[in-house]
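Observations on the model geometry
As a plain string of letters, each chain reads:
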Number of protein chains: 2
Amino acid sequence: MSHVYERVALIGLGLIAGSMGLAMKAHGLAGEVVGTARSKDTRDVAVGLGLCDRVTETAAEAAKDADLVVLAVPVGAMGAIAAEIAPHLKPGATVTDVGSVKKHVVEAVSPHLPDTVHFVPGHPLAGTEHSGPHAGFATLFENRWCLLITDAGCEAGAVANLRALWEGMGANVEEMDADHHDLVLAVTSHTPHLIAYTMVGVADDLRRVTDSEVIKYSAAGFRDFTRIAASDPTMWRDVFLTNKEATLEILGRFTEELFALQRAIRTGDGEQLFDYFTRTRAIRRGIIEAGQDTEAPDFGRGTSRK
Amino acid sequence: MSHVYERVALIGLGLIAGSMGLAMKAHGLAGEVVGTARSKDTRDVAVGLGLCDRVTETAAEAAKDADLVVLAVPVGAMGAIAAEIAPHLKPGATVTDVGSVKKHVVEAVSPHLPDTVHFVPGHPLAGTEHSGPHAGFATLFENRWCLLITDAGCEAGAVANLRALWEGMGANVEEMDADHHDLVLAVTSHTPHLIAYTMVGVADDLRRVTDSEVIKYSAAGFRDFTRIAASDPTMWRDVFLTNKEATLEILGRFTEELFALQRAIRTGDGEQLFDYFTRTRAIRRGIIEAGQDTEAPDFGRGTSRK
Ligand SMILES: NC(=O)c1ccc[n+]([C@@H]2O[C@H](COP(=O)([O-])OP(=O)(O)OC[C@H]3O[C@@H](n4cnc5c(N)ncnc54)[C@H](OP(=O)(O)O)[C@@H]3O)[C@@H](O)[C@H]2O)c1
Ligand SMILES: NC(=O)c1ccc[n+]([C@@H]2O[C@H](COP(=O)([O-])OP(=O)(O)OC[C@H]3O[C@@H](n4cnc5c(N)ncnc54)[C@H](OP(=O)(O)O)[C@@H]3O)[C@@H](O)[C@H]2O)c1
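Residues numbered from 1 in each chain as written. Chains lettered and ligands numbered in written order. Predicted model: local features only at pLDDT ≥ 70, side-chain atom pairs only at ≥ 80, totals over all residues. Heavy atoms only, no water.

Here we come to the interface of chain B and chain A. Counting residues at the interface gives 110 residues for chain B, matched by 110 residues for chain A. The interface formed by chain B and chain A contains eight salt bridges. Here aspartate 224 of chain B and arginine 227 of chain A are joined by a salt bridge, their closest N and O atoms 2.6 Å apart. Remark: the boundary between chain B and chain A carries 25 residue pairs in polar contact (both at pLDDT 80 or more). Residue assignment for the side of chain B that touches chain A shows that the elements contributing at least two residues are β8 (145-149), β9 (172-176), α7 (178-207), α8 (213-216), α9 (222-228), α10 (233-242), α11 (244-267) and α12 (270-289) of chain B. Among the elements that make up the side of chain B that touches chain A, the one with the highest residue count is α7 of chain B (24 residues). (Contact = heavy atoms within 4.5 Å. Salt bridge = Lys/Arg side-chain N within 4 Å of Asp/Glu carboxyl O. Polar contact = N/O pair within 3.5 Å; in protein donor to acceptor, adjacent residues only side chain to side chain. Helix = DSSP H or I, 4+ residues; strand = E, 2+ residues; numbered from the N terminus.)

Among the nonpolar cores identified, the biggest contains 116 residues, and Val69 of chain A together with Val69 of chain B are the most heavily contacted of them. Leave out the neighbours within four places in its chain, and valine 69 of chain B touches Ala9, Ile11, Ala63, Ile85, Leu89, Thr94, Val95 and Thr96 of chain B. (Core = buried A, V, L, I, M, F, W, Y, C linked by side-chain atoms within 4.5 Å. Buried < 20%, exposed > 50% of the residue type's maximum accessible area, 1.4 Å probe, protein only.)

With that settled, the discussion passes to the site of ligand 1. All names here are of chain A. Every one of the 27 residues lining ligand 1 counts as a neighbour, but Ser39, Thr42, Val73, Ser100 and Gly132 are closest to it. Between ligand 1 and the protein, one listed contact pairs an oxygen atom with a side-chain N or O atom of arginine 38 at 2.7 Å. Separating an oxygen atom of ligand 1 from a backbone N or O atom of valine 98 is a distance of 3.4 Å. Its free accessible area being 910 Å², ligand 1 has 84% of it covered by the protein chains. Contributing elements (two or more residues each) for the shell around ligand 1: α1 (15-27), α4 (78-85) and β7 (122-124). (Near = heavy atom within 4 Å. Areas by Shrake-Rupley, 256 points an atom, 1.4 Å probe, with all protein chains shown as cover.)

So, about the packing of helix α7 (residues 178-207) of chain A against helix α10 (residues 233-242) of chain A. All names here are of chain A. Interaxial distance between α7 and α10 falls to 11 Å at its minimum, and their mutual angle equals 120°. On the basis of the axis angle, α7 is oblique to α10. Between α7 and α10 lies a crossing of left-handed hand. When α7 is examined against α10, the residues Ser189, His190, His193, Leu194 and Tyr197 are found in contact with a partner set consisting of Trp236, Val239 and Phe240. The residue makeup of the contact of α7 with α10, split by class, is five nonpolar, three polar and no charged. (Axes fitted to C-alpha atoms, helices over the stretch in contact; angles between N-to-C directions. Parallel < 35°, antiparallel > 145°, perpendicular 65-115°, else oblique. Left-handed = near helix turned anticlockwise from the far one by under 90°. Nonpolar A, V, L, I, M, F, W, Y, C, P; charged D, E, K, R; others polar.)

Residues and elements named next belong to chain A. Among the five residues that make up strand β8 (residues 145-149), five are buried, leaving the element largely enclosed by the rest of the structure. Burial along β8 is two-sided: the residues Trp145, Leu147 and Ile149 and Cys146 and Leu148 are all buried. With three bridges joining them, β7 and β8 adopt antiparallel strand pairing. Across the sheet, glycine 122 pairs through a bridge with leucine 148, a residue of β8. Taken together, the five bridges between β8 and strand β9 (residues 172-176) define a ladder with parallel strand orientation. (Pairing = 2+ DSSP bridges.)

The subject of this paragraph is the site of ligand 2. Residues and elements named next belong to chain B. In the region of ligand 2, 27 residues are neighbours, and Arg38, Ser39, Thr42, Val73 and Ser100 sit closest. At 2.8 Å from an oxygen atom of ligand 2 is found a main-chain nitrogen or oxygen belonging to leucine 13. Backbone polar atom of leucine 15 to an oxygen atom of ligand 2: 2.8 Å apart, as the coordinates give it. Here ligand 2 loses 84% of its free accessible area of 900 Å² to cover by the protein chains. Only α1 (15-26), α4 (78-85) and β7 (122-124) provide two or more residues apiece to the shell around ligand 2. Broken down by class, the residue content of the shell around ligand 2 amounts to 15 nonpolar, eleven polar and one charged.

Spelled out as structure tokens, the structure:
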């Protein structure tokens with residue numbers, strides 16, 4: 001495939017940027033990939049693993065002469081990076097990001113950027129509970145969604161190129177606006193993560209009471225929460241601080257429903273419980289039919305069928 | 001291996017009993033396995049799949065002459081089955097169950113059983129989100145825990161045989177008392193399931209607002225909740241109705257912590273969020289070290305690393 005961009009700059013070299021670097025290389029999507037990260041450690045590891053062709057010490061240097069600049073740092077750090085790179089951006093360049101929250105990023109980044117560049121925020125719905133430069137792999141985005149935030153002001157050519165890049169890395173691209181993105185993600189990702197963190201926190205308190213039994217017997221459901229709650233604390237702190245409104249809205253609905261079920265348990269209302277548990281099964285079928293998960297029991301994990 | 005029991009009766013022929021039937025056959029643990037289920041459909045399927053050697057129409061018939069009787073029906077149905085089979089039990093036989101709640105089962109079953117039989121309740125911590133006779137497989141219990149509820153009154157020989165059976169099917173056996181079991185499982189299984197059901201219910205409401213996007217973009221965390229919340233509604237209704245006290249206790253702690261985090265989000269207390277999310281990571285490491293889950297990212301599901 002011919003290059004989509006001559007030079008790409010990756011600002012941040014963790015799970016997402018590292019995977020992008022490897023995927024771009026695997027599919028020949030960029031002429032050169034320049035990377036940078038806050039710490040020398042990460043920059044050294046990135047070079048060793050071939051996440052990019054070369055690293056620079058500062059974001060400004062990396063951004064210089066780049067046709068595409070990818071902000072791949074925690075959401076709360078995007079604004080400062082944008083301010084740093086703004087004076088060095090090449091006219092006609094595209095700036096994008098991969099942050100998990102979009103309205104805040106638009107508000108934090110846009111004011112810094114000159115009119116001569118195109119800003120097209122993005123969010124690949126792909127990730128694992130691991131982070132850092134060692135966590136990246138070239139196939140992370142295959143068959144996953146990447147959401148691009150576009151509005152009437154977006155230059156069509158800039159959007160088309162960014163779309164081509166993500167499609168080249170195996171992703172399916174959709175466009176939507178930032179508010180809508182933040183609400184949908186509050187449901188599918190942010191609130192579930194907060195809930196998982198909370199449940200794991202409760203278990204951690206109880207661990208002192210029940211010795212290590214909570215760990216030992218975790219396979220019965222709790223284990224899946226711990227995976228979700230093993231994700232990077234900085235990333236998630238920033239997500240909740242910056243998608244406050246939508247998260248609190250969904251959390252409100254969640255506690256309302258939880259209290260209704262709690263009441264059904266307390267009063268012994270088996271019918272209400274049964275009906276609720278039946279209704280929620282349908283959405284699982286939808287997810288499997290939409291190809292978003294395997295139907296194999298228990299994620300196909302653990303002992304294999306014979 | 002020589003038979004642990006000459007004749008085993010499986011009352012109920014769903015995921016758990018079906019897997020036991022297949023595992024006993026695979027390892028030659030029983031001379032004959034007789035099964036029964038409520039519906040003719042299930043009994044016919046069970047014979048077709050070889051989950052047991054033969055089926056009977058009633059639980060009473062199945063239990064007759066059995067050396068081990070396994071109650072593998074929803075927790076709320078155990079008492080009635082115990083009453084039905086009690087007059088037909090062979091003196092010296094062992095009765096066990098596989099219910100997910102133990103105190104209630106002890107209270108519902110024990111009063112019906114004659115003094116001439118041994119009652120040793122059990123709970124294999126193994127399962128998937130699928131149910132019914134088609135869901136069973138012989139390796140379900142391999143490397144999983146099976147908890148036996150024992151007290152001073154238990155006959156040592158009866159416990160030893162039941163332990164040998166579970167170990168023969170690949171499980172690791174531990175003994176504990178019923179109250180303790182119900183508290184630990186409220187943390188590791190029952191409350192996580194209720195929370196997952198609730199989150200899926202909230203998303204289901206919102207699905208109408210966001211079209212099918214909640215399903216489409218579910219891979220970001222929510223998907224894992226839907227798997228947990230796809231389990232059998234009857235089974236889970238019974239679990240919550242019969243482990244009411246412990247579930248409500250843990251739910252109370254959960255909402256307390258959730259409110260504290262919600263408040264931290266509202267007030268923008270990033271430090272509290274960060275600290276909480278850091279603390280919960282440790283328990284994940286414990287689970288991986290204890291061999292209770294794979295460290296492979298995203299459960300090793302989806303696209304493979306190259
Ligand atoms: N992980 C996921 O599942 C996922 C999925 C989709 C989108 N995202 C989004 O993608 C972005 C990156 O996530 P990730 O998982 O790739 O994170 P990561 O693996 O933790 O990597 C983060 C990178 O950002 C750098 N960085 C951190 N804080 C910084 C700061 N204050 N200033 C400058 N650089 C900083 C880090 O540098 P050092 O290594 O030198 O510290 C590291 O290279 C986040 O906005 C996140 O919301 C994540
Ligand atoms: N699934 C899990 O993950 C899991 C894990 C550990 C323990 N358990 C426990 O194991 C037990 C069985 O669960 P399972 O997953 O094997 O369930 P399942 O696949 O749904 O099978 C249940 C069996 O019980 C029969 N049954 C249902 N209601 C009955 C009633 N009122 N009277 C008589 N028979 C009835 C059913 O007969 P028909 O097919 O004819 O309706 C079926 O054969 C439950 O107590 C559950 O708490 C489950």
